[in-house]
Amino acid sequence: MSTTLLDRTPEPELESTPRKKPLLTFRGVCWIVMAIVVFLILYPLVRTALGMLGIGTDAAQLGQMWATFWQRSTLTMTVNTVLAVGIAGIGALAAGALFAWANERTDARLGFAARSLPLIPMFIPSIAAAVGWVFLASSNAGLLNVLIRNVLGTVGIEMTEGPLNIHSWPGLIFAYFLFLTPYAYLTISSGLQSLDPALEEASRSSGASAFTTFRRVTLPSLRPSLAASVLLIATMGFALFSIPLVIGTPAGIDVLPVEIVHMVAHEYPSNKAGALGLSIVVVAVVILCWMLQRRLVRSGGHATISGRGARSAALQLGRWRWPVRIAMLGFMALTAALPLLGLIAVSLQSYWTANFSFSSLTLSNYESLFDNELVWGGLQNSVVLAAIGATAAIVAGALITMVVESRRSKVTQTLDGIVKIPATLTHIIIAVAFVVAFAGAPFYLVGTYAILMLAYVVLYIPQATFYSSAAYHQVGRQLTEASATSGAAAWTTFRRVLLPLMAPGLIAGWSLLFVLITGDITASSMLAGTHTPVVGFVILDLWTSGTYPRLAALGVLMTVVASIVVLTVMWLRDKLRLVL
Amino acid sequence: MSVLSTRSRSSETGLGTPSGGMVEVTGLQMDYLDSKGGTFTALAGVDLRIPSGEFWVLLGPSGCGKTTLLRCLAGLEKPVKGTVRIDSAVAVQDGRVLLEAQERPVGMVFQSYALWPHMTVFQNIAYPLTVGPRSRRPDRSYVETRVVTVMEAMQIGHLRDRKIGELSGGQQQRVALARAVVAGNKVVLFDEPLSNIDAKVREQLRAELKSMQKEFGFTAVYVTHDQAEAMDLADKIVVLDHGKIVQVGDARDIYYSPTTRHVAEFIGTSNLISGTIEVENHDEAMGRRVASTAIGNIPTEVGNLDDDVIVSVRAHDWWLAPDSPSATNGLAGEITSATLLGHYSDYVVEVDGVSVHVWADDLPWAEVGAKVRVGFDQSKARVFVK
Amino acid sequence: MRLSLKTCAIGAVSALALAACSGGEPETRGAIPTLDADLPASSIVEAAQKEGKVVWYTPIPEFGISDVLVGFEKAYGIKVEVVRFPGNTLIQRYSAEREAGQVLADVMHIPETAFFEDSKDKGWFADLNESEVPALANWPQQFIPDDHYVMVNTQPIGITVNTDEFDPAEVTSWDSLLDKRASTRFAMVDPTNNPYYLAWLRMLEEQYGPEFLESIAAQSPKKLDSAVPAAQQVAAHESVLMAPAAVSGSLALQNEGAPIETVYPEPTVGIEGYVGASADGPHPNAAKLFVNYLLTRAGQEVLNRGYAASPLPDIPDSIPMPEGYTRADTAAAIAEKKRLLGLIGL
């Protein structure tokens, strides 16, 4: 009986010469996909860079590019952008750090806040939130202002306008602050999660108070996370387009991204050269921040990951507990709930007015959304494009993960870095490069769905690879190696071991990509058109020439769809304990 | 039973001891690129020949290359030089990989057992029979019979439809082993499968593993850093250090006759004392060649005059007695530490400026500060050139 | 334009949509007049009817469209497909299509002449003659700039005020723009949207001198992208007045009951609408017939109903030409664009 245990499975013969490899192996397919994605990322950038250096563009174009760069208005816009992002960024860093610390280390922790805060930008698209704030805080007709004035009136203080004015520097910085904080929170909280709590416990047992511990032990050890946070805030802030468009332009505050989009999308003929001239500034800022981040990380002295993920006892905040909690809840209200209420309120009016009366509410704006060909077409297109785009991106991401994880070499690490470029270089630069490279010769993809689809995949491939890589690591190397030693080749291992186990993570990633693509504004504003409308394009169109109630209705619709998807993913995540 | 079986052969026949299952490695070298761009040599020319049906253990400290060697056998790492033969198949020829991991006739049991959580026990074990080139796959009835046979042999037949998460550590080990042998692999590789298990359970699982290997007769190549485990399981132990094999032998050889100081240091608790090769009493004509140390002169043939050497004497080869004015045996010393370790105690005694570990029965008078006399059996001392 | 109709079946939304999609007759704001009896029939009516459809690119407000559609279909049995976008967008779209070798628009209707002038040697638009477009015979000569395009109406430019703040009767001249109440609460429609806004600025400068424009700048006007958002600002009392304002921007709000009204100080200019028929478009005969319809009294009535002025006299429901209306010199205005914008601080 025992000898039969080692009977080899009957087989014709065991060769010691290499088997003939089939023409297209799974590994081959993965590499082809990787090559296509790398091409889609690098070609537009290289072509744009060459154009900036004068290769492949005519002298007039080059002249216009540099003329735009050296214009006085460029300096003004740069200063405006730096001020807005800088001041708001400092606030966002502080708020993000405080909330992250509160949720990770103290007893002010709010479970659902900890999970939802980083996802807020996904719940409510930034343009919807910006429009919501306009409806709330316009100095005269803003609903919040009306409310405050009424309340103040009852205590004898009469005001004819204000007190809040969203179309102002403070208003703009406030909006940027709301937008940037979740990103700061995300990087800092994940930094705290991998920090050894023993360091802080040592401080507290030496007699330091909670805030002193935070200031003198936690913050310095968090250097790399803080540096990453600064970089993220700078890149997200410098590429932000929807908020300055809606809030800044009416206040006379012009920033670079708005002007770049305007040059590409609204000037006829499309002023690509001018857009490139302004893009030089954005790229310079991003590179500066990147170098700053590397300097901060390299100077060492930061705490290493303990690896055990042991949770320390929560710090008792005493009388500070509820104020911190209220600050967190207040922030979430400001950034998501309030603007949504503003949108809903206006969407139910027949025309935007400060005199909000419950008797004159109507659903006609929602009905008209479906009547309007452009809006309905845009909604349909966005859903279809997002479904296809998210699928393509996740599949590509999974195959790219296979390439990068199968063998850690300089080559695969470089490729991994390239795939992350669209996230580091900001969406606006990638979108401009796409216009330069693919709209005209030799591809002539201008005004097609193809260019939109390619742009979406390229813009969101970093997120796709992030989710698929997280899913892959959750499976663990040994499970795939066990499949190999059991006789399965790469494709079989992928199909029978990796895919089923990665599926929950991939599905979650798919859903979040779906939300990101439907809510995309940057690429949509420059690459979509009247023939190929998508939601981002449509909502901008409504902003410039449509009625506010209809705009509000679309904003509510976008938020509802996005929220449903994100909440479903969060519920699934808890159920299946996914890594996200 | 020959490896060159025809398709029509049923699995019930099969007599005699299995042939094949031999592992041979020649000149294996494995380099890694480290984070600073230099190369780190994990295996620096390894030669090994493991006969069929034996249980061999690769032993050594972290970073010695034992896991790298195992993974080269499995095909999970690709060496830069050398040849690997498994059964009669050449897996790697002069640094060229001829057989990928999935093509090699080896099974592997991983540190975490690596059982797939989305499959049942049956599906896990049946997996190797359901993958690979289509033309070679057996039909369903064969798979069913074979898997059941193997499961029964390992006494896990009743776990067929269970999910992996419901199994105990011991059951998982058996499932992992069943999966490794179900396709008829005559060589099974083990990558420290017991290192995450509690001490008491570990001993039990070790015993089971040993008996299954004996019963089923596969060649086992087992990696561990635990010397007690190695000595318990192995027919032969391969001690590795810094990418080289430093000694191959059974437990006795390794323990009593270590060939290098590294082996001596790694196995058991040894006292290592430095010394120099001299001629005793400087009597060139009559004097013996000895290693002159703080604990005395040990006769030895090793090395040349004036060489610096290390003398190794195991802790339990020492004796301990109370000091008294009339005592003349051994060396005088003082206890600086006394630790009860179960059925024996570990005493650290300071003798002539060196600290020596002495294992002896628990002696009530042997407290810290006590004056003692210690000595050792000179024949048990080993001398190594530095 | 849409990707696929299959996505109509998404969720509960589709129920609402299908109800709307399959809607019945479009509503009209008034009666549809019968075609002018005294006009000879066009020579291409039958050819046009065979084509069965005409595609109309137009920037006129949404509420103004259905009357024209119903009117044309009633007169000739030919359906009209409307593509509605601001003038600049239409120009971009038409040009992009032409450059890609496509012609998708039959009738191009935009508030500017430069586009038609520039495309003359490209031959994008067909010459219009009286046998195919008989209504040309009755059309005032000064509104036919060239063989291939015609001015079809004008929307006088005035000031739209919030009636809770201003009594319309008190707004008699452009000086109201400098009223204290309008300081920082002045909604200004982006003057670069069409050449007639620039012409309006030029007219103000000619009448009252450059200091007038500088005084407007001192009011810190808020620049809005187009007329509709500006009108909404005024309706919500976020701003108290809006200029340059054509009533079309605020008519819908007015009808909803918003406290908003448009007045026309003198002198003023208007946003002139011009039409041309694509040469070698998808429905060339229907295109010319449609242009003809727009130039008939019946067509003028449905086109201008409630918000625009007709070159023909006594068209019911249209806005009367304001006293002191002058045709704008857009070429000069465009040439001085930078300077004019600089004066008002934009």
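Conventions adopted
- Each chain has its residues counted from 1, running along the sequence as written.
- Labels are handed out in written order, letters beginning with A for the chains and numbers beginning with 1 for the ligands.
- The predicted origin of the model limits local features to residues at a pLDDT of at least 70 and limits the giving and counting of side-chain atom pairs to 80 or more, whereas totals for whole chains, interfaces and linings rest on all residues.
- Pairing between strands is defined by DSSP: at least two bridges between them are needed.
- Numbering of helices and strands runs from the N terminus, with a helix taken as a DSSP run of H or I at least four residues long and a strand as a DSSP run of E at least two residues long.
- Fitting a line to C-alpha atoms yields each axis, with helices limited to the stretch in contact; the angle taken between N-to-C directions then spans 0 to 180 degrees.
- It is the C-beta atoms, placed from the backbone, that decide contacts: two residues are in contact if theirs lie within 7 Å.
- The source of the domain bounds is an automatic or database domain assignment.
- Under the scheme applied here, ten amino acids are nonpolar (Ala, Val, Leu, Ile, Met, Phe, Trp, Tyr, Cys and Pro), four are charged (Asp, Glu, Lys and Arg), and all others, including Gly, are polar.
- We call a set of buried Ala, Val, Leu, Ile, Met, Phe, Trp, Tyr and Cys residues a nonpolar core when their C-beta atoms link them within 7 Å.
- With C-beta atoms placed from the backbone, the exposure class of a residue follows from how many other C-beta atoms lie within 10 Å of its own: 20 or more, buried; 12 or fewer, exposed; in between, partly exposed.
- Looking at any residue, its pLDDT shows the predictor's confidence there, from 0 to 100.
- In a helix, the anticipated span is given by 1.5 Å times the number of residues less one.
- Put simply, angles under 35 degrees are roughly parallel, angles over 145 are roughly antiparallel, angles from 65 to 115 are roughly perpendicular, and the rest are oblique.
- Should the near helix be turned counterclockwise from the far one by less than a right angle, the crossing is left-handed, whereas a clockwise turn marks it as right-handed.

1. Notes on the sheet that holds strand β3 (residues 107-110) of chain C
Residues and elements named next belong to chain C.
Alright, step 1. One open sheet accounts for five strands, arranged β2-β1-β3-β10-β4; its pairing is mixed. The open sheet has two free edges, formed respectively by β2 (79-84) and β4 (150-156), since each of these has just one partner strand. Here the strands of the sheet are splayed against their neighbours by 20 degrees on average, with no regard to which way each runs.
Alright, step 2. By the bridge criterion, six bridges tie β4 to strand β10 (residues 270-277) in an arrangement that is antiparallel. Paired with T154 across the bridge in β10 is E272.

2. Some thoughts on the arrangement of the chains
Alright, step 1. In this assembly, two pairs of chains are in contact, and the pair contributing the most contacts is chains A and B.
Alright, step 2. Separated in space, chain B and chain C share no contact, their closest pair of C-alpha atoms being 33 Å apart.

3. Quick notes on the interface of chain C and chain A
Alright, step 1. In this assembly, 30 residues from chain C lie in contact with 28 residues from chain A.
Alright, step 2. For the side of chain C that touches chain A, the elements supplying multiple residues, two or more each, are α1 (13-21), α4 (87-99), β7 (222-224) and α8 (227-235) of chain C.

4. Considering the domain arrangement of chain A
All names here are of chain A.
Alright, step 1. Its domain assignment divides chain A into domain 1 (25-56 + 367-580) and domain 2 (81-249 + 328-349).
Alright, step 2. Computed from C-alpha coordinates alone, the two centres of domain 1 and domain 2 are separated by 27 Å.
Alright, step 3. Those elements that provide at least two residues to the side of domain 1 that touches domain 2 are α21 (427-439), α24 (490-518), α26 (535-545) and α27 (548-576).
Alright, step 4. Considering every element that reaches the side of domain 1 that touches domain 2, the biggest residue donor is α27, with 13 residues.
Alright, step 5. A per-class count over the side of domain 1 that touches domain 2 returns 17 nonpolar, eight polar and no charged.

5. What to know about unusual backbone geometry
Alright, step 1. For the bond from A243 of chain C to P244 of chain C, the omega torsion is -10 degrees, close enough to zero to count as cis.
Alright, step 2. Here P244 of chain C is to be found in strand β8 (residues 241-245).
Alright, step 3. Here the amide bond leading from E266 of chain C into P267 of chain C is cis, since omega sits at -15 degrees, within 30 degrees of zero.
Alright, step 4. Tracing the chain through its elements places P267 of chain C in the loop between β9 (260-263) and β10.
Alright, step 5. Even without a glycine there, the phi angle at D87 of chain B is positive, about 50 degrees.
Alright, step 6. Even without a glycine there, the phi angle at D94 of chain B is positive, about 50 degrees.
Alright, step 7. Assignment of secondary structure puts D94 of chain B in the loop between β5 (89-93) and β6 (96-97).

6. Quick word on the nonpolar core
Alright, step 1. Y176, V432, A455 and L513 of chain A together with V221 of chain B are the most contacted members of the largest nonpolar core, which has 329 residues in total.
Alright, step 2. If you tally residues by element for this core, the top one is helix α18 (residues 373-406) of chain A, at 17 residues.
Alright, step 3. Core analysis: the second largest hydrophobic core is formed by 42 residues, V54, L90, F115 and V302 of chain C among them.

7. Re the confidence of the model for chain C
All names here are of chain C.
Alright, step 1. Overall, the prediction assigns chain C a mean pLDDT of 86, with 92% of residues at 70 or greater.
Alright, step 2. Across chain C, element-level confidence peaks in β3 with a mean pLDDT of 96 and bottoms out in α1 with 43.
Alright, step 3. For residues 1-24, every residue scores under 50 in pLDDT, and the model assigns this stretch 25 contacts once sequence neighbours within four places are set aside.
Alright, step 4. Scored as a complex, the prediction yields pTM 0.82 and ipTM 0.82.

8. A few points about the domain arrangement of chain C
Residue and element names in this part refer to chain C.
Alright, step 1. As far as domains go, chain C holds domain 1 (45-154 + 271-304) and domain 2 (158-268 + 330-343).
Alright, step 2. Once you take the C-alpha centre of each, domain 1 and domain 2 turn out to be 29 Å apart.
Alright, step 3. Contacts between the two partners involve eleven residues from domain 1 and, on the opposite side, ten residues from domain 2.
Alright, step 4. Of all the elements in the fold, those that place two or more residues in the side of domain 1 that touches domain 2 are α4 and β10.
Alright, step 5. Of the residues belonging to the side of domain 1 that touches domain 2, the class tally is six nonpolar, three polar and two charged.

9. What to know about the sheet that holds β9 of chain C
Adjacent strands of a sheet pair through backbone hydrogen bonds, lying either parallel or antiparallel.
Residues and elements named next belong to chain C.
Alright, step 1. Ordered by their spatial adjacency, five strands build an open sheet running β7-β6-β8-β5-β9, and the pairing between neighbours is mixed. With partners counted over all chains shown, the strands left at the sheet margins are β7 and β9, one partner each. With direction set aside, neighbouring strand axes in the sheet form an average angle of 25 degrees.
Alright, step 2. The pairing of strand β6 (residues 186-189) with β7 spans three bridges and is parallel. Each residue of the ladder has a partner; that of V189, found in β7, is L224.
Alright, step 3. Packed onto the sheet, helix α9 (residues 248-255) meets β5 (158-162), β8 and β9 and runs at close to 145 degrees relative to β9.

10. Observations concerning the environment of R149 of chain A
Residue and element names in this part refer to chain A.
Alright, step 1. Relative to the helices and strands, R149 is located in helix α8 (residues 143-154).
Alright, step 2. For R149, a count of 19 C-beta atoms within 10 Å puts it in the partly exposed group.
Alright, step 3. Through-space distance from the C-alpha of R149 to that of A470 is 50 Å; in sequence the pair is 321 residues apart.

11. Focus: helix α7 (residues 126-137) of chain A
Residue and element names in this part refer to chain A.
Alright, step 1. The first and last C-alpha atoms of α7 sit 16 Å apart over twelve residues, in line with the 16 Å expected at 1.5 Å per residue.
Alright, step 2. Most of α7 is tucked away, with twelve of its twelve residues classed as buried.
Alright, step 3. Looking at α7, one finds that the buried residues are S126, I127, A128, A129, A130, V131, G132, W133, V134, F135, L136 and A137.

12. Brief notes about the packing of helix α2 (residues 26-52) of chain A against helix α19 (residues 410-419) of chain A
Residue and element names in this part refer to chain A.
Alright, step 1. Running from N to C, α2 and α19 cross one another at 50 degrees; their axes reach a closest spacing of 10 Å. In terms of orientation, α2 lies oblique with respect to α19. When you trace α2 past α19, the crossing you get is left-handed. On α19, the residues touching M34, V37, V38, I41 and L42 of α2 are L415, I418 and V419.

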